[in-house]
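Residue strings, one per chain:
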Amino acid sequence: DMGALYAASRTISASLERDEILQRLAQSMAWAVECSSAVIFEHRREMDDLRVLAVYSPGEAGQGGEALPALWEPFPLADSPAFRTVVEQRHPLALRATDAAVAGPDQARLARNGICAELLVPLVVQDDLIGVAALIEGRGDRIFSPGEVYKAEALASQAAVTLRQSVLFDEVRELEKLKR
């Protein structure tokens, strides 16, 4: 597990280009937790929503046949109590389609999209929530182990720092252009 975590962490931080980081993040998190797909969302406070920044699936659709959102698609927090909980509490949350305790809107979303299980992990850097990673399992029912949740949290933490660095890098490049 430590080897996989180290390799995924190195992959995520191998670039300062934001789009490349996002794609590597989604792929690394899906591989580390052995999910069929992953989606990275940006949190937009002013809009009270999330927006899709990266989608990873080895095939054209999720390996398990789950429906995945399109890039840049907005995702209103009002439509998902689970995502709202992750955004507000900044703690990971695992959902299972077969769990009767999952709220109605989330249960409907999971069923509609062919998602059997989902692990939502906040992307937080310096107490600032910048997004949420959704690790998706569409191949069958699954319970995420504490070790898998820990791996996802560790990668999310590394990814959040790397994403923040990429934003700073872009700002420095822009300032250099203005200076010239």
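For every chain, the first residue of the written sequence is number 1, and numbering continues from 1 onward in sequence order. Predicted model: local features are reported for residues with pLDDT of at least 70 only, side-chain atom pairs are reported and counted for 80 or more only, and whole-chain, interface and lining totals are derived from all residues. Side-chain numbers come from the whole structure's heavy atoms, not from hydrogens or water.

Draft legend 1. Representation of helix 4 (residues 104-112) within the structure. Accessible area is worked out with a 1.4 Å probe on protein chains only. A residue is then buried under 20% of its type maximum, exposed over 50%, and partly exposed in between. Strands are runs of DSSP state E lasting at least two residues, helices are runs of H or I lasting at least four, and both sets are numbered from the N terminus onward. Among all positions of helix 4, only Asp106, Arg109 and Leu110 are buried. Buried residues of helix 4, seen end-on, are gathered within an arc of 100° and therefore sit on one face of the element. In helix 4, the exposed residues that point more than 90 degrees away from the buried face are Ala111 and Arg112. Whether two residues touch is decided by their heavy atoms; if any such pair falls within 4.5 Å, the residues are in contact. Against the buried residues of helix 4 lie strand 3 (74-76), helix 3 (81-89), strand 4 (93-96) and strand 5 (117-125). In the segment just after helix 4, glycine 114 is the residue with positive phi, at about 70°. Directions pointing from the helix axis toward each C-beta atom define the arc.

Draft legend 2. Quick peek at the layout of surface pockets. There is about 290 Å³ of room inside the largest pocket. The method works on a 1 Å grid over the protein atoms by themselves. A cavity is a set of points holding a 1.4 Å probe that cannot get out, a pocket is an open set with protein on both sides within 12 Å along at least five of seven lines, and residues with an atom within 4 Å of a point line them. Around the largest pocket, the lining is made up of 18 residues, and of these Pro69, Phe75, Arg109, Arg112 and Asn113 lie nearest the centre. Contributions of two or more residues to the lining of the largest pocket are made by strand 1 (37-44), helix 4 and strand 6 (128-137). Sorting elements by how many residues they give to the lining of the largest pocket places helix 4 first, with 4 residues. When the residues that make up the lining of the largest pocket are grouped by side-chain class, the tally is 12 nonpolar, 1 polar and 5 charged. Grid points are joined across faces, edges and corners, and a volume is the space filled by probe spheres set on the points. Classification used: nonpolar for Ala, Val, Leu, Ile, Met, Phe, Trp, Tyr, Cys and Pro, charged for Asp, Glu, Lys and Arg, polar for all others including Gly.

Draft legend 3. Spatial organisation of the nonpolar core. Residue types Ala, Val, Leu, Ile, Met, Phe, Trp, Tyr and Cys, when buried and joined through side-chain atoms within 4.5 Å, form a set referred to as a nonpolar core. Core analysis: the largest hydrophobic core is formed by 29 residues, its most contacted members being Met29, Ile40, Leu123 and Leu135. If you tally residues by element for this core, the top one is helix 2 (residues 18-33), at 8 residues. Sequence-distant contacts of leucine 123, that is, excluding residues within four places in its chain, are made with Leu25, Ile40, Phe41, Asp128, Leu129, Ile130, Gly131, Val132, Ala133, Ala156, Ala160 and Leu163.

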